[in-house]
Structure formats: C-alpha cells, structure tokens
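Structure assessment
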Amino acid sequence: MNFMQLDLSGTFCFVPIGTDPILVRRAVWTIEVLDLNKPTLTRARSSACFNFMNALRFYAGQKLANVPVAELEQTKLMVLSQPHPTVLLEMQRSPLAAPLFVDIPEARTWRFTPT
C-alpha cells in the first residue's frame, strides 16, 4: 500500500501517507468505505502486533541458539500463519520495528502465501 500505512506507534489505525492529494483522498476513501479503523479492528491489530513481536523474538532466540533449520522453518510457518498479516507487512517496512529485525534480517522479506 503506497498511499496509507498502519500506525504502529499505538493507535493501530490506518493513516494516509504522502502529500499527493489524490493518494491522500484514495487512502481516506478506502479507510472510510472499508471501515478499517473501527475499534474492533484496531484492537485486533494491536494484539496481532504483540503476537508478531513475540514470535519474531522467539525466532531470533532460536536462531541465536543455533537450533536446526527445520525448527526455524516451523517457527517461520507459525509466524506466517497468524491472523492480520498486514500487521507483519507493516512491521517489516516500519522504522519503528527495525530493532526486531537486527538479528533476523531474513524475516523482513517473509511473505504470506495462501494455503
């Protein structure tokens, strides 16, 4: 999404980004029509962020402990099977979450695939 982003600093609301008025209008329209910032969704995204942070820390701990690759892959699949994949995608591109990826830069490129 090049016209809006998820506020990971606390509100977990989608907000427009950039200054292009067309893209800002597109973001506002999308947010409003899909009701992306209703309280139930922001709470769910907050919870998902917490879960992704813990899962990424667990993966990093496993990697630092030199667990077998098969175990790392299992953890990766567990991370990618969590609800609210957009939260992880936003974490991957956000400078706020950069410390989570210092020891596991490969996690920045993980992508969800349909099952």
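First, a word on scope: everything that follows refers to the structure included in this document. (Residues numbered from 1 in each chain as written. Predicted model: local features only at pLDDT ≥ 70, side-chain atom pairs only at ≥ 80, totals over all residues. Heavy atoms only, no water.)

A look at the nonpolar core
Ranked by size, the top nonpolar core spans 28 residues in total, and within it Met4, Phe52, Leu56, Val87, Met91 and Trp110 carry the most contacts. Every residue in contact with Phe52, bar those within four places of it in the chain, is listed here: Val79, Gln82, Pro83, His84, Pro85, Val87, Leu88, Met91 and Phe112. (Core = buried A, V, L, I, M, F, W, Y, C linked by side-chain atoms within 4.5 Å. Buried < 20%, exposed > 50% of the residue type's maximum accessible area, 1.4 Å probe, protein only. Contact = heavy atoms within 4.5 Å.)

Thoughts on the side chain of Gln92
Mapped onto the elements, Gln92 comes out in helix 4 (residues 85-93). Of note is the side chain of Gln92, whose polar atom sits 2.7 Å from the backbone oxygen of Ala107. Apart from residues lying up to four places away in sequence, Gln92 is in contact with Phe101, Ala107, Arg108, Thr109, Trp110 and Arg111. (Helix = DSSP H or I, 4+ residues; strand = E, 2+ residues; numbered from the N terminus. Polar contact = N/O pair within 3.5 Å; in protein donor to acceptor, adjacent residues only side chain to side chain.)

A short note on the pattern of salt bridges
Summed over all chains, the structure comprises 2 salt bridges. Here Glu106 makes a salt bridge to Lys63, at a shortest N to O gap of 3.0 Å. In this pair, Glu106 is assigned in the segment after helix 4 and Lys63 in helix 2 (residues 39-64), connecting sequence segments 43 residues apart. Exposure remark for Glu106: the relative accessible area of 25% places this residue in the partly exposed category. Put simply, Arg93 and Glu90 hold a salt bridge, and the shortest N to O gap is 3.2 Å. Taken together, the residues span about one helical turn, with Arg93 and Glu90 both in helix 4 at a distance of 3 residues. (Salt bridge = Lys/Arg side-chain N within 4 Å of Asp/Glu carboxyl O.)

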